[in-house]
Amino acid sequence: MANYSLEHVNDMYVDVLKELGNIGAGNATTAIAQMLGLRLMMEVPRVKLLTFQELGGAIWEEEETVAGIFLELNNDIKGSMMFLLNMDSAHYLVNHLMCRDQEYNEPFDEMDASALKEIGNIISGSYLSALSSMTQMVITPSVPFLAIDMAAAILSVPAIQFGQYGDNALLIETEFGDDIKIKGYFILMPEPDSYEKILGALGIQM
């Protein structure tokens, strides 16, 4: 079997991944707007194929505290994915969901963490739904795992996954909001065998 990785993809595949970013971000924005009762505008998402070394610098400073929602992927496509938010964005979304004043900035308790996990689950599910629709494959996510830590520590999780799955990942930068802009990062890391399945399902021959 061919050893597929994102560094081998052609321009057509990159265009497909950009469309995945557009559809997934649109679905996520709609779902979050309905969940929070807000009218949200979405910027055109930016899609990049990066090595892990490039990934850290493309997101935040290593010392910045961020929230990361991590899921394992199973069924037709295997691998993992992560959605990352800075803490200002995380507090903004949780405060809206919990009907609290936006000035509230206390550390997350168990209920807050559960709310953020659900938000991350909905956003991640929007991207997975887009990928599933485009490939006609069944993708089953695990129960989401939430971590709040420095960016360097959060990104050590995909670093471990890279050691197992390859050297590159798909990064989709999403920005949406009303008066306040929420910026988040979606990272997709399929297993090597899943690259061939995704490419074949999209009609792209390597």
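Being a predicted model, the structure only gives us computed values, none of them experimental.

Notes on the pairing of strand 3 (residues 65-75)
- Two elements, strand 3 and strand 6 (residues 145-150), share six bridges in a ladder whose sense is antiparallel. Of the residues in strand 6, the one forming a bridge with Ile 69 is Leu 146.
- Relative to strand 4 (residues 79-86), strand 3 runs antiparallel, the two sharing eight bridges. The partner of Phe 70 across the bridge, within strand 4, is Met 82.
- Remark: three residues form the turn of the hairpin made by strand 3 and strand 4, two consecutive strands paired antiparallel.
- Note that strand 3 and strand 5 (residues 139-141) share three bridges and pair antiparallel.

Observations concerning the pattern of salt bridges
- Per the stated rule, a full pass over the model turns up four salt bridges.
- Here Arg 46 makes a salt bridge to Glu 175, at a shortest N to O gap of 3.7 Å. Here Glu 175 lies in strand 7 (residues 168-177) and Arg 46 lies in strand 2 (residues 46-51), a separation of 129 residues in the sequence.
- As a salt-bridge pair, Lys 183 and Glu 173 come within 3.4 Å of each other at their nearest N and O atoms.

Let's talk about the packing of helix 3 (residues 87-97) against helix 4 (residues 110-135)
- At a closest axis distance of 10 Å, the pairing of helix 3 and helix 4 adopts a crossing angle of 105°. As far as their axial angle goes, helix 4 and helix 3 are roughly perpendicular. Only Asp 112, Ala 115, Leu 116 and Ile 119 of helix 4 make contact with helix 3, whose side of the interface consists of Ala 90, Leu 93, Val 94 and Leu 97.

Calculation rules
- Residues numbered from 1 in each chain as written.
- Predicted model: local features only at pLDDT ≥ 70, side-chain atom pairs only at ≥ 80, totals over all residues.
- Heavy atoms only, no water.
- Pairing = 2+ DSSP bridges.
- Helix = DSSP H or I, 4+ residues; strand = E, 2+ residues; numbered from the N terminus.
- Salt bridge = Lys/Arg side-chain N within 4 Å of Asp/Glu carboxyl O.
- Axes fitted to C-alpha atoms, helices over the stretch in contact; angles between N-to-C directions.
- Parallel < 35°, antiparallel > 145°, perpendicular 65-115°, else oblique.
- Contact = heavy atoms within 4.5 Å.

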